[in-house]
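Chain and residue survey
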Amino acid sequence: MALKCGIVGLPNVGKSTLFNCLSNAKAQSANFPFCTIEPNIGVITVPDPRLETLARIVEPQNVVPTTVEIVDIAGLVKGASKGEGLGNKFLGNIRETDAILHVLRCFEDGNVVHVDGSVDPIRDKEVIDMELQLKDLETIESRATKIKKIAATGDKEATKAYAFYERVQTTLSAGESARSMELEEHEVPMMKELQLLTAKPVLYVCNVEETAVVNGNNHVESVKAAAAAEGATVMIIGAAIEADIAELEDPEERTLFLEDLGLNEPGVAQLIRKAYDLLQLQTYFTAGVKEVRAWTFPMGATAPQAAGVIHTDFQKGFIRAEVMAYDDFLSFGSEAAVKEAGKLSIEGKEYIVRDGDIMHFRFNV
């Protein structure tokens, strides 16, 4: 399953620089608003040391990692919900994504102008939050007007929907995002059907200077406090430093550079994993001499559902799954050795797939 994340933020916060680090596609990056006119799209591989280890053991003809699609969406300004700047295009593009990577400028640099004249990540966050909330209010008010007439006839489903729409409307009018709402079971599909911008999970990415990449700074602390209030995740990254790391082709040079900064890995690798966590996604593997491959599946998926990620026929005709734990495969060194040790399990339709499972599906169509 393809994961699509939209990078958003005010102009000149480091969005396009970060995008360039994540993708081989080169977005225009310049010191002025709206330097990214059309959304730039890049498909990047998800770093997973387990896949590399499996490939070393199996020595397959082909190795296929799982991927993430990253969309660098044009900068937003106040009034976007009413079509100011590139507002309508921005809001349309973000609606198509699964998650939001909200980049906030948390660094001081007189050479990089800020669209509002000063660095204040909380103000910047509130500008985008408000624009998304206003657009969602338009959506919900339109839906509520239509459903109210049907509810007035005594239709039970319409009455339920109207009550829910009113609750969403109250939340948005209070300056809160739809994702902050606690939903009852019957409300979950209704929220999904609305496709609200503020219902999407968000990761706040604090773009900092070199000296703050490990421990952050005062700006980061203020973002953490604001994010905690809405149950959102925060991570620290230095987009300019990531650009330098991306230029280093020699693995040894890259490792030394990271060590000098006090980092174990590039920030972009951590960002991708956090995006996975944000959407509650996990990875299972298929491993054979022809191909070792990583597959993305939603946490809590059953074996047939996971099989459907490969092909819908696998899910429809599912018979059973042969499952090995990654650690067991590592310990014994081959599928044959895992079988001999009695560590390969045969699982049916009720099996809940675990992160890192190595699977082989039996099916009949």
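Located above this text is the structure these notes cover.
Since the model is a prediction, treat every value here as computed from it, not as a measurement. (Residues numbered from 1 in each chain as written. Predicted model: local features only at pLDDT ≥ 70, side-chain atom pairs only at ≥ 80, totals over all residues. Heavy atoms only, no water.)

1. Focus on the sheet that holds strand β1 (residues 3-8)
Whenever strands of a sheet pair, they do so through backbone hydrogen bonds, lying parallel or antiparallel. Reading across from one edge, β2-β4-β1-β5-β6-β7 is the order of the 6 strands in this open sheet, with mixed pairing throughout. Of all the strands in the sheet, just β2 (40-45) and β7 (233-237) have a single pairing partner and so form its edges. Shown here is a sheet whose adjacent strand axes are inclined to one another by a mean of 25°, direction ignored. Where strand β6 (residues 202-207) and β7 come together, 5 bridges link them in parallel fashion. Each residue of the ladder has a partner; that of V205, found in β7, is M235. Relative to the sheet, helix α1 (residues 15-22) contacts β1, β2, β4 (67-72), β5 (99-105), β6 and β7, its axis offset from that of β4 by approximately 155°. (Pairing = 2+ DSSP bridges. Helix = DSSP H or I, 4+ residues; strand = E, 2+ residues; numbered from the N terminus. Axes fitted to C-alpha atoms, helices over the stretch in contact; angles between N-to-C directions. Contact = heavy atoms within 4.5 Å.)

2. Structural notes on helix α2 (residues 49-58)
Of the residues making up α2, those classed as buried are R50, L51, T53, L54, A55 and V58. Against the buried residues of α2 lie β3 (62-64), β8 (281-287), β9 (291-298), α13 (326-332) and β12 (358-363). (Buried < 20%, exposed > 50% of the residue type's maximum accessible area, 1.4 Å probe, protein only.)

3. Brief notes about the environment of I310
As for its placement among the helices and strands, I310 is situated in helix α11 (residues 303-310). Spatially, the C-alpha atom of I310 lies 9.6 Å from that of T296, the residues being 14 residues apart in sequence. In this structure, I310 is in contact with Y284, T286, W295 and F361, ignoring residues within four places of it in sequence.

4. Observations regarding the nonpolar core
Core analysis: the largest hydrophobic core is formed by 57 residues, its most contacted members being L18, V68, I70, L101 and V205. Counting residues per element, this core draws most heavily on helix α10 (residues 267-278), at 6 residues. Membership of the second largest hydrophobic core comes to 18 residues, among which are L137, A144, L172 and M181. (Core = buried A, V, L, I, M, F, W, Y, C linked by side-chain atoms within 4.5 Å.)

5. Some points on the packing of helix α4 (residues 121-151) against helix α5 (residues 156-173)
Where α4 meets α5, the axes come as close as 9 Å, and the angle between the chain directions of the two elements is 155°. Overall, the two elements α4 and α5 adopt an arrangement that is roughly antiparallel. Judged by the twist between their axes, the crossing of α4 over α5 is left-handed. Only A158, T159, A161, Y162, Y165, V168, Q169, L172 and S173 of α5 make contact with α4, whose side of the interface consists of Q133, D136, L137, I140, E141, R143, A144, I147, K148, I150 and A151. Residue composition of the contact of α4 with α5, grouped by class: 12 nonpolar, 4 polar and 4 charged. (Parallel < 35°, antiparallel > 145°, perpendicular 65-115°, else oblique. Left-handed = near helix turned anticlockwise from the far one by under 90°. Nonpolar A, V, L, I, M, F, W, Y, C, P; charged D, E, K, R; others polar.)

6. Notes on helix α8 (residues 239-247)
Every buried residue of α8 is accounted for by A239, I241, E242 and I245. Around the axis of α8, the buried residues are gathered within 155° of arc, so they sit on the same side. Turned more than 90 degrees from where α8 packs its buried face, A240 and E247 sit exposed. Where the residues of α8 are buried, they touch α1, β6, β7, α9 (251-261) and α10. (Arc of directions from axis to C-beta.)

7. Re unusual backbone geometry
Of note, N12 is a non-glycine position whose phi angle comes to about 65°, a positive value. Along the chain, N12 falls in the loop between β1 and α1. Its identity as a non-glycine residue notwithstanding, Q280 has a phi of 55°, on the positive side.

8. Concerning the pairing of β5
A regular strand places its side chains on the two faces of the sheet in alternate fashion. By the criterion of burial, β5 is predominantly enclosed, with 7 of the 7 residues buried. Across the two faces of β5 the burial is the same, with A99, L101, V103 and R105 and I100, H102 and L104 all buried. Summarising the sheet, β1 and β5 pair through 4 bridges and their orientation is parallel. Within β5, the residue paired with G6 across the bridge is I100.

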